[in-house]
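Overview (structure and organization)
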Amino acid sequence: MKKLMQGFRIKSILLPSLSENYSSSPSKSLISWIALYSTASQKKAIAPKPHARNSILANYLIGSLKFSKDKALSVSSKFPHCETLERPEQAVRFFRGLGFSDAHIRAIANSVPRLLFADTENTLKPKVKFFQELGLSGPLLGSFVSRTPCILYCSVERCLKPRINLIRNIFESDGRNRSIESVNDDLFKTITRCGRIVLARHTLESNIQYLKSCGVVGSQLSSLLCRLPRIFSLKHGKLEEIVSRALAMNFTMGSRMLVHAIHSLSCMSSDTFKVKYGIYKAFGFSKEEIDLMFRKSPYIFGLSVETLRRKLEFLLNDLKLSRSVVVQFPGIMSLNFEERVGPRYKVLEVLKTKGVLKKDPSLSRAMCLPENKFLETYIQPFQSEAEELLLAYNGQILNT
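What you are looking at is a predicted structure, and each value in this text was computed from that prediction instead of being measured. (Residues numbered from 1 in each chain as written. Predicted model: local features only at pLDDT ≥ 70, side-chain atom pairs only at ≥ 80, totals over all residues. Heavy atoms only, no water.)

Attention now moves to the overall build of the protein chain. Of regular secondary structure, the protein chain possesses 23 helices and zero strands. Taking all 400 residues of the protein chain together, 40% fall into the buried category. When contacts within the protein chain are restricted to residue pairs at least 6 apart in sequence, those whose partners lie at least 24 apart make up 70%. By element, 53% of the accessible surface of the protein chain is carried by carbon and sulfur atoms, the whole surface being about 22200 Å². (Helix = DSSP H or I, 4+ residues; strand = E, 2+ residues; numbered from the N terminus. Buried < 20%, exposed > 50% of the residue type's maximum accessible area, 1.4 Å probe, protein only. Contact = heavy atoms within 4.5 Å. Areas by Shrake-Rupley, 256 points an atom, 1.4 Å probe, with all protein chains shown as cover.)

Attention now moves to the pattern of salt bridges. The full count for this structure, using the stated rule, is 15 salt bridges. Across the pair R96 and D102 runs a salt bridge whose closest N-O atoms are separated by 3.1 Å. Put simply, D174, R176, R178 and D186 are held in one network by salt bridges that share partners. (Salt bridge = Lys/Arg side-chain N within 4 Å of Asp/Glu carboxyl O.)

What follows is about the side chain of S297. Counting through the fold element by element, S297 comes out in the loop between α17 (287-296) and α18 (305-318). The exposure class of S297 is buried, given its relative accessible area of 13%. Every residue in contact with S297, bar those within four places of it in the chain, is listed here: P330, G331 and S334.

A few words now on the packing of aromatic side chains. For the coordinates displayed, the defined rule picks out 16 aromatic pairs. The interplanar angle of 70° and the centroid separation of 5.9 Å between the aromatic rings of F273 and F294 together place this pair among those described as edge-to-face. Of this pair, F273 sits in helix α16 (residues 270-282) while F294 sits in helix α17, and the two are 21 residues apart along the sequence. As far as the burial class goes, F273 and F294 line up, both buried. Between Y280 and F285 the ring centres are 5.9 Å apart and the planes differ by 75°, which places this aromatic pair in the edge-to-face class. (Phe/Tyr/Trp six-rings, centres within 6.5 Å; stacked < 30°, edge-to-face > 60°.)

Moving on, we come to helix α4 (residues 55-65). Buried residues of α4: L57, A58, Y60, L61, S64 and L65, and no others. Angular distribution of buried residues about the axis of α4 spans 160°; they occupy a single face of the element. Residues of α4 that are buried make contact with α5 (69-76), α6 (86-97) and α7 (102-111). K66 occupies a position one or two residues after α4 and carries a positive phi of about 60°. (Arc of directions from axis to C-beta.)

Turning our eyes to something else, we now look at the packing of α18 against helix α20 (residues 337-354). Relative orientation of the contacting elements α18 and α20 amounts to 15°, with a least axis distance of 12 Å. It follows that α18 is roughly parallel to α20 by the angle criterion. At the point where α18 passes α20, the crossing takes the right-handed sense. Together, R310, K311, F314 and L315 of α18 and F337, E338, V341 and G342 of α20 make up the contact between the two elements. (Axes fitted to C-alpha atoms, helices over the stretch in contact; angles between N-to-C directions. Parallel < 35°, antiparallel > 145°, perpendicular 65-115°, else oblique. Left-handed = near helix turned anticlockwise from the far one by under 90°.)

Our next topic: the confidence of the model for the protein chain. Scored by pLDDT, the protein chain has a mean of 85; 85% of the residues are at 70 or more. Low pLDDT (under 50) marks residues 43-53, which in the prediction has five contacts with non-local residues, meaning those over four places away or in another chain. (pLDDT = per-residue confidence, 0-100.)

Closest axis-to-axis distance for the α7/helix α9 (residues 138-147) pair is 9 Å, and the angle between their directions is 20°. By the criterion of interaxial angle, the relationship of α7 to α9 is roughly parallel. Where α7 crosses over α9, the handedness of that crossing is left-handed. Residues H104, A107 and I108 of α7 form the contact with α9, whose own contacting residues are P139, G142, S143, V145 and S146.

This part covers the side chain of T190. Position of T190 among the secondary structure elements: in helix α11 (residues 180-193). Excluding residues that lie within four positions of it along the chain, T190 makes contacts with I167, F171, I197, L225, C226 and P229.

Positive phi values are uncommon outside glycine, yet K66 reaches one of about 60°. Counting through the fold element by element, K66 comes out in the loop between α4 and α5. Non-glycine residue N177 carries a positive phi angle of around 50°. Mapped onto the secondary structure, N177 falls in the loop between α10 (156-172) and α11.

Turning next to the environment of S304. Following the sequence through the fold, S304 ends up in the loop between α17 and α18. Along the sequence, S304 and T272 sit 32 residues apart, while their C-alpha atoms lie 9.5 Å from each other. Within the structure, S304 has its side chain in polar contact with the side chain of T307 (distance 2.8 Å). (Polar contact = N/O pair within 3.5 Å; in protein donor to acceptor, adjacent residues only side chain to side chain.)

Here we come to the state of the cysteines. Going through the model one piece at a time under the given rule, you end up with zero disulfides. You can see C150 has no disulfide; the closest cysteine sulfur is in C154, sitting 6.4 Å from it. (Disulfide = S-S within 2.5 Å.)

A few words on the environment of F329. For F329, the location among the structural elements is in the loop between α19 (323-328) and α20. The exposure class assigned to F329 is buried, which follows from its relative accessible area of 12%. Spatially, the C-alpha atoms of F329 and K296 are 8.3 Å apart, while their sequence positions differ by 33 residues. Sequence-distant contacts of F329, that is, excluding residues within four places in its chain, are made with L335, L363, S364, M367 and C368.

Printed below as a string of structure tokens:
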């Protein structure tokens, strides 16, 4: 009771104007007091917190690493109690000594600022040494670390070694009996293309097992891992969704082409795929024809929307090819039209017009031959038409 009375007396002392003025003009006095209290609260709320921005660290980042003022203030605000630059200077000297550029160090500091205050001996050096032993050094190591700086906080024994060994085992057991140098080369390419692949062990293991259950094994699995490692870092449900989309287009588990469908579909969103699918439909292809073309050549959907539309326009409207020819040979969509498809098609048209061929040439064979073989097969044997054929090949007749 005594404490309660003391508290009451304190409040009465603090708010005399309210008790004194309320009786004479209760409405105005109360409103004035509430407004005064509200203004004082707002000022207190917006008042800058002590040490909210560390000018010592900010000035160092601007002067030494060429940070912009805004970036420097943003990073330094995370360390309001920093009173010395010993750790940041030590970290920067360490990274520069490894051959990292200032751009690499800025990326590291901006992404994971606490690395500026990491223990160089116990935190940074062991991880760097591990990656150096894998063959990463200098600017290449800087590029790798700056893209995935949090990797420097991973335990070498509990995290990095097990996951690197898991990836290495995929390459060693793919049935190609490769040398250690070849295996290490693929390992090197994999982790530099997608450093985060070593950050989530369970995701990596789960996706490897799932792809194996789909029939993607041996050299197919190792090739996919090396060429597009980010697939292995996808959330498991996302990978399953990609496989489901492939199966919906009549790919089968265990098919040698399934891995190519997975690769192609993983490189675009489902919305982008629908747009490209719609372009084929707009040119008159049926769903069955589009699915068949995709099963034959999954990378035909890898073209940009504009390139896809332009190539279909050229094939169907300019060259007057039938849709059935494109369905039969969808790989033509992946070829260079200016340097290969157009010139070779013109040569074939001249030969058919002259009637010098015993049968119509195979379009797919003619398009896929190396240049010297194409010349030996379709130009050199026809001496009387050679000049006209060469003109066609160089784009001077049969304008497209």
